[in-house]
Amino acid sequence: MARGGGYFKTTYAADLALVDTRLRRRALAAFVVALLVLPRVASPFILDLVAQTALAAIGALALNLLTGLAGQVSLGHAGFIAAGAFTTGVLIENGVRSPLVALPAAAVVGAVLGIVVGIPALRLKGLYLALGTLALHHVVLYACAEFQNHWGANTGVSIPPPAIGPWVLKGAVAWYYTLTLAAALVLALSVNLRRSRAGRAWMAIRDREIAAESVGIDVARYKVLAFVWSSAITAVAGGLFAYHRAFVSVEAFGFFLAVEYIAMIIIGGLGSALGAVLGAAFVTLLPHGLDALVAGLRLSGGAAYYLFPLKFGAFGLLMAVFLLFEPQGLVGIWRRVRNWFALWPLRYRPLRSAS
Amino acid sequence: MTSILELTLPLELENLEVVYHHVATAIQGVSLKVQPSSIVTLLGTNGAGKTTTLRAISGFLGADNAQIVGGRVLFNGRPVTGRRPHELVRRGLVLVPERDKVFETLTVQENLRALVPGWLAWRAGDRPRVRLDQVFEYFPLLADRRRQLAGYLSGGERQMLALATALLCRPAVLLVDELSLGLAPAVIERLMILVARLRDELGLAVLLVEQNAGAALAVADYGYVMEHGRIVYDGPRDRLLAHADVREFYLGVGHRAGRKSYTDVKQYRRRRRWF
Amino acid sequence: MTQVLATTVVVASLYALLAAGYVLVYRATRVLNLAQGDMMTLGGYFLFLVATSVPGQPVRAIAGAAALSALSGFLIYRLLMRPMAGHPIFAAVLVTVTLGILLRAAIVLVYTDRIRHPLGLLGLANPARPLIGGAVVSTFDLFTVGAAAALFAALFLFLRFSPLGIQMRAAGEKPLLASQRGINFHLVFALSWALAGFAGALAGSLYASNVRLDPSLGVLGLKAFAVALVGGLDSLGGVIPGALIVALVEVLSVRYGDPLLADVSPFLCLLAMLLVRPWGLFGTKEELERV
Ligand SMILES: Nc1ncnc2c1ncn2[C@@H]1O[C@H](COP(=O)(O)OP(=O)(O)OP(=O)(O)O)[C@@H](O)[C@H]1O
Ligand SMILES: [Mg+2]
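Residues numbered from 1 in each chain as written. Chains lettered and ligands numbered in written order. Predicted model: local features only at pLDDT ≥ 70, side-chain atom pairs only at ≥ 80, totals over all residues. Heavy atoms only, no water.

S.K.: Explanation requested: the pairing of strand 6 (residues 93-96) of chain B in the structure shown.
M.R.: On any regular strand, side chains alternate: one points to one face of the sheet, the next to the other face. Residue and element names in this part refer to chain B. Residues Leu93 and Leu95 point to one face of strand 6 and Val94 and Val96 to the other, with burial holding for every one of them. Where strand 6 meets strand 7 (residues 173-177), four bridges bridge the pair, whose relative direction is parallel. Directly across from Leu95, in strand 7, lies its bridge partner Leu175. (Buried < 20%, exposed > 50% of the residue type's maximum accessible area, 1.4 Å probe, protein only. Helix = DSSP H or I, 4+ residues; strand = E, 2+ residues; numbered from the N terminus. Pairing = 2+ DSSP bridges.)

S.K.: How should the site of ligand 1 be read in this particular structure?
M.R.: All names here are of chain B. In the region of ligand 1, 15 residues are neighbours, and Asn46, Lys50, Thr51, Thr52 and Gln211 sit closest. Side-chain polar atom of Thr51 to an oxygen atom of ligand 1: 2.5 Å apart, as the coordinates give it. Considering ligand 1 on its own, with 630 Å² of exposed area, one finds that the protein chains cover 67% of that surface. Per-element accounting of the shell around ligand 1 gives the leading share, three residues, to helix 2 (residues 50-57). Looking at the shell around ligand 1 residue by residue, the classes come out as three nonpolar, eight polar and four charged. (Near = heavy atom within 4 Å. Polar contact = N/O pair within 3.5 Å; in protein donor to acceptor, adjacent residues only side chain to side chain. Areas by Shrake-Rupley, 256 points an atom, 1.4 Å probe, with all protein chains shown as cover. Nonpolar A, V, L, I, M, F, W, Y, C, P; charged D, E, K, R; others polar.)

S.K.: Honestly, the interface of chain B and chain C in this entry has me stumped. Any pointers?
M.R.: How large an interface is tends to be reported as the accessible area lost when its parts come together. Each side of the interface is counted separately: chain B has 30 residues, and chain C has 20 residues. Counting each side, the surface lost to burial between chain B and chain C is near 2,200 Å², with a carbon and sulfur contribution of 56%. Seen at the junction of chain B and chain C, the total is three salt bridges. Salt-bridge contacts for Glu110 of chain B lead to Arg160 of chain C; the nearest nitrogen and oxygen are separated by 4.0 Å. (Contact = heavy atoms within 4.5 Å. Buried area = accessible area lost by both parts, 1.4 Å probe. Salt bridge = Lys/Arg side-chain N within 4 Å of Asp/Glu carboxyl O.)

S.K.: Hey, could you run me through the packing of aromatic side chains in this one?
M.R.: Geometrically, a pair of aromatic rings is defined through the distance of the ring centres and the angle of the planes. Residues and elements named next belong to chain A. Per the counting criterion, the structure on display carries 15 aromatic pairs over all chains. Ring plane angle 65° and centroid distance 6.2 Å describe the contact between Phe86 and Phe253, whose orientation is recorded as edge-to-face. Of this pair, Phe86 sits in helix 4 (residues 77-93) while Phe253 sits in the loop between strand 4 (247-248) and helix 11 (255-268), and the two are 167 residues apart along the sequence. This pair shows no difference in class: Phe86 is buried, exactly as Phe253 is. Grouping aromatic residues by their ring pairs yields a cluster made of Phe86, Phe241 and Phe253. We note Arg221 situated over the ring of Tyr222; from NZ or CZ to the ring centre the distance is 5.0 Å. (Phe/Tyr/Trp six-rings, centres within 6.5 Å; stacked < 30°, edge-to-face > 60°. Lys NZ or Arg CZ within 6 Å of the ring centre and 35° of its normal.)

What follows is the structure, given as structure tokens:
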């Protein structure tokens, strides 16, 4: 951790490094070791939770690229997830079983959808864009539903576990490793995208579009690029989702899923990759936490009925609380805690950008 | 002037201090008095803090993330610091703002009706009653255009409409920010005469913020000069008109080498404040 | 053919009632209330609540439900939306999303997710009525059309001629200037939320009596925002043609396409509108830049 003002970068390499201070390096190493050790100590249930979080984090990171960095609000991300999942499903229905084909195919479908959405979206801003993506989500779902009907299997389609050659991905531990690795890759990708020319252009567009245009940023191109990256990654997440669930059905991709993803990046903290991951963890674990809480209370049988609406309501309430009282999200809380320790016993640091 | 009259000044500022965004002090210790049935003008260069003063009086600072950190505003002898704008208006403290002064999607007529005191007339007490036909008499131009959308009015017509709606709010004290902004000299003169007429006919107290010192001093009874958020000079009209620095910097008469504005005069220069 | 027309008008009336809520709130506060559908459901449940306590008195029940809904619209503004003043509009829209979630959760907690039919409690029947030309609609269909017509006429007169209505439009355009004219814009905004709640309650009560009542009625609200957008988010007059267009497309696709297509048809209309004329049929173009 850089103590206020005492840490300077002296080489270009140090400036370019992703993990720049010793403390951060150590924290990261400790985190990686913890992830590696976890399967030896934790139950399959815990591993599955972490895997689900990782999967959610991929989608949240992708949405964060679009909404947090480029400032283009999308209420239709569940549509991109559905598109990826259904691409996988369709390929499997047609005998293409290898995830090495299905996942890139999902990415391509996502990217194409990104272009299809991104170009008309150039005309729209803010609220109108959000509504356009929301409408698009319904249209994608409609296409998926028609497809599902034509299969004859009205309830959905089951997906066999992904296999590459003789190796079959099965069991909590294997999924745990696969999905955390995938999430780590996407995390690295999105952190690096943020530092790239495109990332800087996105942030400029987010902050003030006209100013961005006037310093020579091709706003249209970078907006579409943001859509393409975001929807491609999201669609891959959808493909992984299909494999992980071993089942694809339209019902899983309703408006609520889109809201969940938005909630992740809001609760986590808009525009921050760390925030997206934290938010994904929070939203994924919240229902399980409530379950555990209720189980701990040992209520009578009738109470179980109320569990579902309570979970639903608690989710809404938490999201509202974050929107109203902590717009910076979990990352904001984390920064305040960190600054408090870094600056103790003083309260303010000289003005500088939050990092 | 008797002491009883002093007690019930329509408007009085005591040592008002305003800070923007918790860091930037915009006005520091401004005190001024507006006598009943008089026009007081507040002069100052760009960024002197005139608009900020008016905003502070009419309770508008919150929207710009500013706050009053010291001093108080007395309206009819009662402190009103920190009251909400619409309450102040209903009591008769009415502002004609610098920008955004008409509802562009409403017609002229609707602009004139979209105000509360006209609707809650019984609460206005004994403040001068201004009727619609009276307003149309003051501003005949508006009468012709009453069915037109205010968004299609020119700058000067908007200024008139803003003034007209302010009058319909039945003001006891009228605060006007840059009456002359973007107007032709002839129109300015007419409006100034109108303001003077309002003072005489309705007994209105007016605080007139102006860049155009000549026009303002033509009608004002008293004037304050503001610089860097402080009042640097004040006096009755004739004293201001005779004052060398006012003549030079605001009226453009006379010239001493090298001096461009009040800031170049040592006695007005801002003292560096560390905290 | 006449049946298609009659059904279109009926569906359009329901959408128009809902879309009026969107437009009222949007024009005042620039926030799209994505919980409008759930406020409609709430209205339906208020009807159920009042009808169970005073059975057999339809007028009282509907009036009570509408009053409760208006009150809850007012409270929603006061408790949830007013603290969002000064935050980005997008955040405020998300608050309405959470509001929808909370309302739905609350309804399920209190009333479970069973399907209800408040009509019996009201002590009314809903006989079919043949119209000239061979079309058949239910009695409550006619009530829906009547309610929509009455609401729009009343809103039009209110916004056009009453001082309060003019103040509502003024505050929607420039809240700060409005407060400089003595208008308490928070009160006016709360009032527009109350009106939206009232319109939602009308739609909810009528739909609940006519068809059914269950916690997921809110999805109708999503379709109605397509109506509001097609007509122009800031134009109350645009709601009527918008509702007719969307309803016609939907009715036709039920008839000649399949139900899945019908469900998505409002969104197709919305997308088509966004592509051609994003500000809607009667909206103002500047609105696009504001958000
Ligand atoms: N919204 C704001 N945020 C921060 N500082 C502000 C803001 N508005 C004004 N200021 C600062 O306060 C000071 C006084 O501004 P004010 O608008 O009161 O000047 P003015 O006398 O009205 O100038 P003008 O004649 O140009 O209208 C200026 O230095 C300005 O930088
Ligand atoms: Mg000014």
